[in-house]
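Understanding the architecture of this molecule
Below, each chain spelled out in residue letters.
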Amino acid sequence: MVTGLLNALAENPVLVLFLLIGVGMLVGRIKAGGVSLGAAAVLFAGIVLAAWGTAEGITIEIPAQIGTLGLAVFTFAIGIQSGPNFFHVLRTAAGPLAIMLAVLVVGAAAGLGVGRWLGMSPAMIAGAFAGALTNTPALAAAGGAATAAGNADGMAIATVGYAVAYLYGVIGMLFFCLLALRYRRSDKDAPSPLINRTVRVERDDAPQLGDIAERVSGEMKFSRLRRGETGPITRPALTDKIYKDDLITVVGTQDAVNQVISEIGHSSSHSLIEDRRYLDFRRITVSDPKLAGHTVAELDVDHKFGATISRVRRGDVDMVGTPDLVLQQGDRVRVVAPTGRMAEISKFFGDSAHGLSSINPVAMGLGMAVGIIIGEWAIPLPGGSTFSIGAAAGTLIVGLVFGRIGRIKGFVTAMPFTATAVLSELGLLMFLAQAGTRAGGQIANAFTGGDWWKILITGFVITTIVGFGMYASMRWIVKMGGTRLSGLLGGLQTQPAVLAFANERTGSDPRVALGYAMVYPVAMIVKIFIAQFLGGL
């Protein structure tokens, strides 16, 4: 009966895919000591099923193309999500990237030393390096270099090293990710919540609002103005002057709003927001695709409707509606406008639930095609061999660019946050299921050889040095917050399971994806080069 069941699964990889997703996530939601594996459980479910099949002489494996598709969709969606903030973060990332390079080199050197001491071949050491850092393109580079160096079985030997080291490569980095998340409550890079306050002006020198805004550090916006106690409420312009006893509403981060209060007066018990006779406010969904990719300033709602966009909500994150903020389809804008024009403004934005789920198939199709072409491009190496960064890195790069620019003339490149969240989760689960079945079959075979314990030790040394080195340096030298560090560790490991674990624990905090995207492409390329070097020794 068991053999019949395993044979049925071996003949139906699509059934295996969804069975692993369902069972894996069911197990992944179980908490032990407040900790759950989340999506990473799909990977381990695949490993167990494939190893069980191999023990019975039956190969159960999801085709590699399904894993490639899932990973490419996942990284493209992550790129779209992270693109608006990624390039800003990258300006300050030279230090972390340099540290990451040094840590990877130290980890590789330690693995080489331990492996040689244990009598392992260069091909096996290089494979263990690729497995310890869970990087399949690095495995291909390692096997190719070993074969080019004269070892006819170089690829097979490297694959054994990869398979044995892979499991701790995932578990070990999950441990360091958990360490990072344990101190996330003290993060200093947490986005400041947006607040609004009505301020009574005490100054009698009639300052101009634009001059006040220039002196305030942080994001803020003036949304309402009333002259005196009973005058009409109007939308202030930066050219307006304010006078003693005026009331003005400020929207922004807590620090910025507090700076404005100390600059012009004191917080008032009056609330201009509650008086909706003159100005009303409403959250409106940006569902018209023609508006996506434009900045707040380009929409020009000030002159078209006499309105102000005070806030923009993307996913669960509120942002100040600054003039240079690029809107995405599915964003919910908080508009302050004359009461009688709200219906007209809602029609302008679309205000339909369709905007929350549109996957923008044109941008997705073309963007992923370009990303896969970039990823599969053969890059020459010394000695005549070549390497490719892989479809995952290629689609991530294109996704970051698409998410950042938002629009190329009439072509919208961005996607709604909700749609990217769904795509990234589905793509990740597909990849983890395929990767698990692939690794499970290899691990079962690898443990029948006599070198498995040597590989385990070497892989343990590499994963631990790299994981602890990045955790310690980012926490105590760079002073990076635990939330972003958890994502960075996933990007360093080029391991979506670690990212999924961090997202599960943080409620998909955007800082996790930023940390992941910040180092992923560089980590991918550096690990390929190191594996190429180790395999060719």
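Quick caveat, the model's predicted, so the values are computed rather than measured.

For the protein, the count of helices and strands is 20 helices and 13 strands. The principal-axis extent of the C-alpha atoms belonging to the protein is close to 85 × 50 × 45 Å. Taking all 537 residues of the protein together, the buried fraction comes to 55%. The contacts in the protein between residues at least 6 apart in sequence include a share of 80% that link residues at least 24 apart. For the protein, the exposed area adds up to about 22500 Å²; of that, 62% sits on carbon and sulfur atoms. The centroid of the 43 positive side-chain charges in the protein is displaced by 2 Å from the centroid of its 36 negative side-chain charges.

Below, the discussion takes up the nonpolar core. If you look at the biggest cluster of nonpolar residues, it comprises 103 residues, and the most contacted ones within it are Leu43 and Leu485. By residue number, the principal contributor to this core is helix α20 (residues 510–535), which donates 15 residues. Counting 20 residues, the second-largest nonpolar core is a separate cluster that includes Val296, Leu299, Leu325 and Val335.

This paragraph deals with the pattern of salt bridges. Under the defined criterion, the tally for this structure stands at seven salt bridges. Across the pair aspartate 302 and arginine 235 runs a salt bridge, and its minimum N-O distance is 2.6 Å. Of this pair, aspartate 302 sits in helix α12 (residues 301–305) while arginine 235 sits in the loop between β3 (233–234) and β4 (247–253), placing them 67 residues apart in sequence. Under the relative-accessibility criterion, aspartate 302 is labelled partly exposed at 36%. Salt bridges sharing partners connect three or more residues here, namely Arg203, Asp205, Arg215 and Glu263.

With that settled, the discussion passes to the sheet that holds strand β8 (residues 317–320). What the four strands build is an open sheet, ordered β6-β9-β7-β8; its pairing is antiparallel. The outermost strands of the open sheet, each flanked by one partner alone, are β6 (279–285) and β8. Recorded for the sheet is a direction-independent mean angle of 25° between the axes of neighbouring strands. Bridge analysis of strand β7 (residues 308–314) against strand β9 (residues 332–338) gives five bridges, and the strand direction is antiparallel. Within β9, the residue paired with threonine 308 across the bridge is valine 336. Docked against the sheet, helix α13 (residues 342–349) engages β6, β7 and β9, running at close to 20° with respect to β6.

By the element assignment, leucine 19 lies in helix α2 (residues 13–28). For leucine 19 and glycine 46, which are 27 residues apart along the polypeptide, the C-alpha to C-alpha distance reads 9.6 Å.

Before going further, it helps to spend a moment on empty space enclosed by the protein. Per the stated rule, a full pass over the model turns up one cavity of 30 Å³ or more. The calculated volume of the largest cavity comes to roughly 40 Å³. Looking at the largest cavity, the residues that line it are Asn196, Ser223, Arg224, Val251, Ile273, Ser310, Arg311, Arg334 and Val336. Every element with two or more residues in the lining of the largest cavity is listed here: β2 (220–226), β7 and β9. Taken together, the residues that form the lining of the largest cavity break down as three nonpolar, three polar and three charged.

Our focus in this paragraph is the domain arrangement of the protein. As assigned here, the protein comprises domain 1 (1–61) and domain 2 (194–349). For domain 1 and domain 2, the distance between their C-alpha centres works out to 52 Å.

A separate point is the packing of aromatic side chains. The tally for this structure, following the rule as stated, stands at eleven aromatic pairs. Note on tyrosine 168 and phenylalanine 460: the rings are 4.9 Å apart at their centroids and 35° apart in plane angle, and the pair reads as tilted. With a gap of 292 residues between them, tyrosine 168 in helix α8 (residues 154–182) and phenylalanine 460 in helix α17 (residues 452–476) connect regions that are remote in the sequence. Classification of tyrosine 168 by relative accessible area gives partly exposed; the value is 25%. Relative to phenylalanine 411, the ring of phenylalanine 402 lies with its centre 6.2 Å away and its plane at 85°, an arrangement referred to as edge-to-face. Classification of phenylalanine 411 by relative accessible area gives partly exposed; the value is 25%. Put simply, the rings of Phe74, Tyr516 and Tyr520 touch in pairs and so form one group of aromatic residues.

Moving on to the packing of helix α18 (residues 482–492) against helix α19 (residues 496–506). Two numbers describe how α18 lies on α19: the axes approach to 7 Å, and their chain directions differ by 160°. On the basis of their axis angle, the class for α18 and α19 is roughly antiparallel. Once α18 is placed against α19, the crossing between them reads as left-handed. Here α18 contributes Thr483, Ser486, Leu489 and Gly490 to the contact with α19, which in turn contributes Val498, Leu499, Ala502 and Thr506. When its residues are assigned to classes, the contact of α18 with α19 shows four nonpolar, four polar and no charged.

Scoring rules and cut-offs
- Residues numbered from 1 in each chain as written.
- Predicted model: local features only at pLDDT ≥ 70, side-chain atom pairs only at ≥ 80, totals over all residues.
- Heavy atoms only, no water.
- Helix = DSSP H or I, 4+ residues; strand = E, 2+ residues; numbered from the N terminus.
- Buried < 20%, exposed > 50% of the residue type's maximum accessible area, 1.4 Å probe, protein only.
- Contact = heavy atoms within 4.5 Å.
- Areas by Shrake-Rupley, 256 points an atom, 1.4 Å probe, with all protein chains shown as cover.
- Lys, Arg positive; Asp, Glu negative; His and termini not counted.
- Charge placed at Lys NZ, Arg CZ, Asp CG, Glu CD.
- Core = buried A, V, L, I, M, F, W, Y, C linked by side-chain atoms within 4.5 Å.
- Salt bridge = Lys/Arg side-chain N within 4 Å of Asp/Glu carboxyl O.
- Pairing = 2+ DSSP bridges.
- Axes fitted to C-alpha atoms, helices over the stretch in contact; angles between N-to-C directions.
- 1 Å grid on protein atoms, 1.4 Å probe; cavity = no way out; pocket = protein on both sides within 12 Å on 5 of 7 lines; lining within 4 Å.
- Points joined across faces, edges and corners; volume = space filled by probe spheres on them.
- Nonpolar A, V, L, I, M, F, W, Y, C, P; charged D, E, K, R; others polar.
- Domains from an automatic or database assignment.
- Phe/Tyr/Trp six-rings, centres within 6.5 Å; stacked < 30°, edge-to-face > 60°.
- Parallel < 35°, antiparallel > 145°, perpendicular 65-115°, else oblique.
- Left-handed = near helix turned anticlockwise from the far one by under 90°.

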